[in-house]
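The residues making up each chain are set out below.
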Amino acid sequence: MPFSETIEAFARALADPDRPPPIETMGRERQADARRFAIYRNNVAVSLIAAIEARYPVARRLVGDAFFRGMARAFVAVARPRSAVILGYGADFPDFIAGFEPARDLTYLADVARVENAWVEAYHSAEAEPLTVAALAAVDPTTLGDLTFAFHPAARLLRSNHPAASIWAGHQGEGEVKAPDDWRGEDILVTRPGADVRVRILPAGGYSFAQALQSGAPLGEAHSAIDFEGFDPGSHLIGLIEAGAISQLRA
Amino acid sequence: MSAAQAPSPRVAPALPDRSGVGLKPEHIDEILRDRPALGFFEIHAENYMGAGGPPHRRLEAIRALYPLSLHGVGLSIGSPRPLDREHLARLAALAARYQPGLFSEHLAWSSHDEGYLNDLLPLPYTQETLATVCDHVDQVQDALGRRMLLENPSTYVVFQESTISETDFIGEIATRTGCGLLLDVSNVLVSATNHGFDALAYLDEFPLDHVGEIHLAGFAEARDDAGHLVLIDAHDSPVRERVWDLYRRVIARRGPLPTLVEWDNDVPKWPVLLDEARRVEAAMAEVVAMDSQGGRRHAIQ
């Protein structure tokens, strides 16, 4: 049998637990051996489940090890990695959670997982110098409205109908779980200006403003898009800079 | 505890004939604090293919103190499909950045239309597969501009259609491509047990002159359909006595070599892993001492 067909048969059997082991393979009895072949199936599933467990420790803690493993097992069965770079694997697991029937009542779970995914992506993002407030202060005040900004490669914006960042923060470390003080939606900014990833809750109006700036809108335009009385673009912009969300300004 | 020799960070030092361990994120703070005397650290290349961030910052700090071994797990050299050019480019960039003492990959496949399978899967040994693997090894060596080492696999099944022994297959790859070999002694015991051959005979047939590094690891146990013992290359436990025994025989024949303790799952606390590395150095020293008393290298038997 040509090499490619042998490997095809092996891969098909690997993907489908109901298939018998490939007849081209054999153990010590010189015939296909289901338990031996199951070792390969198990290696694939277990290693991918471990990658999901490592990426989503808070979601795992929220639902418990057994439930999480079941959910991760269902995910890896339908979502094979597209790349050998496993540190990128599982970015779409939050979307899977959102549609996972047994987790339907845990409406906040997918958003907490989105915070975790943003954390991992920020952790592995490219290095860039964050913009300083001093650099902003040096800009001619009459041209401020025309400024545009390049966001730092690590910066991620999230919007949740649940207190996803507070739940995430309350489940850090080994200590006792802290429940959110208030059950309301949160707009979330994840940054990594240096070595450390930071997760913050944005003040009201901050999400739309930051999103407009991130998509390249000039400062004046981003400001006028905010339909929010008393919105102070200056303090929001300084907040974004201090969080390390911005790497460059363009006059 | 003596500090490790600090090589110039951008000159690739060859790995010393000493012990090394797989670098685990949870150990890095202690390593940077204590700077234990170790020959090298080995990393899985794919774990450092992110664009930036703490993994690279910490690896830079390790690399400033120790030689590195770059060990790929995702290139799928043993696949009938063409190598992934993007992945090869990522590997070349990583090698250029960190200047490892050596680069190694596996005689196995892991990519397919189904996606990346995240396991090291076996291939038949025939003239056709030999030509494909040699072609892939040539491409890797061209892309990286250096000699690579190819690692012998651990397998749970073999193929009806194989016409070449594993040792002949590996030896022929080394001859045709000029690549070096990574001898995983644990894999030898795992495969010998799983397929009912003699590990010592395998080592006698293995082209030891091409070996540039050794791997040692722990394994798990299972049973097959017929009730035969099957060893699983789990990298989750200490190196077993039978592997130490095979290792000493290889060192007696070949002399000291860079030797890695692989412990990738159920990773122990740092002092436990460091103790395993110390056992490697003790085993090498013991064999060298016996060798100088005996005044000759021994055949493996």
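Residues numbered from 1 in each chain as written. Chains lettered and ligands numbered in written order. Predicted model: local features only at pLDDT ≥ 70, side-chain atom pairs only at ≥ 80, totals over all residues.

**Q** Explain the overall build of chain B residue by residue, including any values.
**A** A count of helices and strands for chain B gives nine helices and 13 strands. Taken along the three principal axes of its C-alpha coordinates, chain B extends 50 × 50 × 35 Å. Counting only residues that meet the buried cut, chain B has 47% of its 301 residues in that class. Restricting to contacts in chain B with at least 6 residues of sequence separation, those with at least 24 account for 78%. (Helix = DSSP H or I, 4+ residues; strand = E, 2+ residues; numbered from the N terminus. Buried ≥ 20, exposed ≤ 12 C-beta atoms within 10 Å, placed from the backbone. Contact = placed C-beta atoms within 7 Å.)

**Q** Go over the domain arrangement of chain A, please, and point to the residues and values.
**A** Assigned domains of chain A: these are domain 1 (1–106) and domain 2 (126–251). Computed from C-alpha atoms alone, the centre-to-centre distance between domain 1 of chain A and domain 2 of chain A is 37 Å. (Domains from an automatic or database assignment.)

**Q** With reference to specific residues and values, describe the environment of H124 of chain A.
**A** By the element assignment, H124 of chain A lies in helix 6 (residues 109–124). As for H124 of chain A and A150 of chain A, which are separated by 26 residues in sequence, their C-alpha atoms are 18 Å apart. Once residues within four sequence positions are removed from consideration, H124 of chain A is found in contact with L87 of chain A together with G50, A51, G53 and P55 of chain B.

**Q** Which residues make up the interface of chain B and chain A, and what values go with them?
**A** Residue-level contacts link 45 residues of chain B with 41 residues of chain A. Of all the elements in the fold, those that place two or more residues in the side of chain B that touches chain A are helix 2 (54–63), strand 5 (109–112), strand 6 (115–121), helix 4 (127–144), strand 8 (158–159), strand 11 (220–223) and strand 12 (229–232) of chain B. Of the residues in the side of chain B that touches chain A, the class split is 18 nonpolar, 18 polar and nine charged. With two bridges connecting them, strand 1 (residues 25–26) of chain A and strand 8 of chain B associate as antiparallel partners. Bridged to T25 of chain A within strand 8 of chain B is F159 of chain B. (Nonpolar A, V, L, I, M, F, W, Y, C, P; charged D, E, K, R; others polar. Pairing = 2+ DSSP bridges.)

**Q** Give me the sheet that holds strand 3 (residues 156–160) of chain A: which residues, what numbers.
**A** Residues and elements named next belong to chain A. Spatially, three strands are ordered 3-4-5 in an open sheet, and the strand pairing comes out antiparallel. Two strands close off the open sheet at either side, each with one partner strand: strand 3 and strand 5 (198–201). Shown here is a sheet whose adjacent strand axes are inclined to one another by a mean of 20 degrees, direction ignored. In terms of strand pairing, strand 4 (residues 186–191) meets strand 5 through four bridges, oriented antiparallel. Each bridged residue has a counterpart across the sheet, and for L189 the counterpart in strand 5 is R200. Strands strand 3 and strand 4 of the sheet are contacted by helix 9 (residues 206–214), whose axis makes an angle of about 145 degrees with strand 3. (Axes fitted to C-alpha atoms, helices over the stretch in contact; angles between N-to-C directions.)

**Q** Describe the packing of helix 4 of chain B against helix 5 (residues 166–177) of chain B, and please don't skip the residues or the numbers.
**A** Residue and element names in this part refer to chain B. It is at 10 Å that the axes of helix 4 and helix 5 come closest, and there the two elements cross at 45 degrees. Between helix 4 and helix 5, the angle is such that the two are oblique. Helix 4 and helix 5 meet at a crossing whose hand is right-handed. Packed against helix 4, whose contacting residues are L130, V133, C134, V137, D138 and Q141, the element helix 5 presents F169, E172, I173, R176 and T177 at the interface. Of the residues in the contact of helix 4 with helix 5, the class split is six nonpolar, two polar and three charged. (Parallel < 35°, antiparallel > 145°, perpendicular 65-115°, else oblique. Left-handed = near helix turned anticlockwise from the far one by under 90°.)

**Q** I'd like a description of the sheet that holds strand 2 (residues 40–44) of chain B, backed by residues and values.
**A** Spatially, eight strands are ordered 1-2-3-4-7-9-10-13 (chain B) in a closed barrel, and the strand pairing comes out parallel. Taking the axes of each pair of neighbouring strands and ignoring which way they run, one obtains an average angle of 30 degrees across the sheet.

**Q** Quick rundown of the confidence of the model for chain B? Include the residues and the values.
**A** All names here are of chain B. Here chain B shows a mean pLDDT of 94. Residues at 70 or above account for 93%. The model gives residues 1–9 a pLDDT under 50, and that stretch makes 16 contacts with residues more than four places away or in other chains. Confidence metrics for the complex model read pTM 0.93 and ipTM 0.93. (pLDDT = per-residue confidence, 0-100.)

**Q** With reference to specific residues and values, describe helix 4 of chain B.
**A** Two residues of an α-helix separated by three or four positions point the same way, owing to the 3.6 residues in each turn. With 18 residues, helix 4 of chain B extends 26 Å between its outermost C-alpha atoms, agreeing within 8% with the 26 Å of an ideal straight helix rising 1.5 Å per residue. Listing the buried residues of helix 4 of chain B in full gives T129, L130, T132, V133, H136, V137 and V140 of chain B. One side of helix 4 of chain B holds all its buried residues, which, seen down the axis, span an arc of 165 degrees. Across from the buried face of helix 4 of chain B, at angles greater than 90 degrees, the exposed residues are Q127, A131 and D142 of chain B. Against the buried residues of helix 4 of chain B lie helix 1 (3–15) of chain A together with helix 3 (85–98), strand 4 (102–106), strand 7 (148–151) and helix 5 of chain B. Of the residues trailing helix 4 of chain B, G145 of chain B is marked for its positive phi of about 65 degrees. (Expected span 1.5 Å × (residues − 1). Arc of directions from axis to C-beta.)

**Q** Go over unusual backbone geometry with me, naming the residues and quoting the values.
**A** Note: most residues except glycine have negative phi, and most peptide bonds are trans. Positive phi values are uncommon outside glycine, yet R35 of chain B reaches one of about 45 degrees. With respect to the helices, strands and loops of the structure, R35 of chain B is situated in the loop between helix 1 (28–34) and strand 2.

**Q** Could you give an account of the nonpolar core, with specific residues and numbers?
**A** The biggest cluster of nonpolar side chains holds 145 residues, and the ones touching the most others in it are V112 of chain A together with L150, V185 and L216 of chain B. For this core, the element with the most residues is helix 6 of chain A, which contributes nine residues. Domain assignment of the residues forming this core places at least three in each of domain 1 (1–106) and domain 2 (126–251) of chain A. Look past the residues within four positions of V185 of chain B in its chain and what remains in contact with it is I214, L216, V243, L246, Y247 and V250 of chain B. (Core = buried A, V, L, I, M, F, W, Y, C linked by C-beta atoms within 7 Å.)

**Q** So, the packing of helix 3 of chain B against helix 4 of chain B: which residues are in play, and what are the values?
**A** All names here are of chain B. The N-to-C vectors of helix 3 and helix 4 enclose an angle of 45 degrees; their axes lie 9 Å apart at closest approach. Between helix 3 and helix 4, the crossing angle belongs to the class labelled oblique. The element helix 3 and its partner helix 4 pack so that their crossing is right-handed. Of the residues in helix 4, those touching helix 3 at L88, L91, A92 and A95 are V140, A143 and L144. Of the residues assigned to the contact of helix 3 with helix 4, the class counts are seven nonpolar, no polar and no charged.

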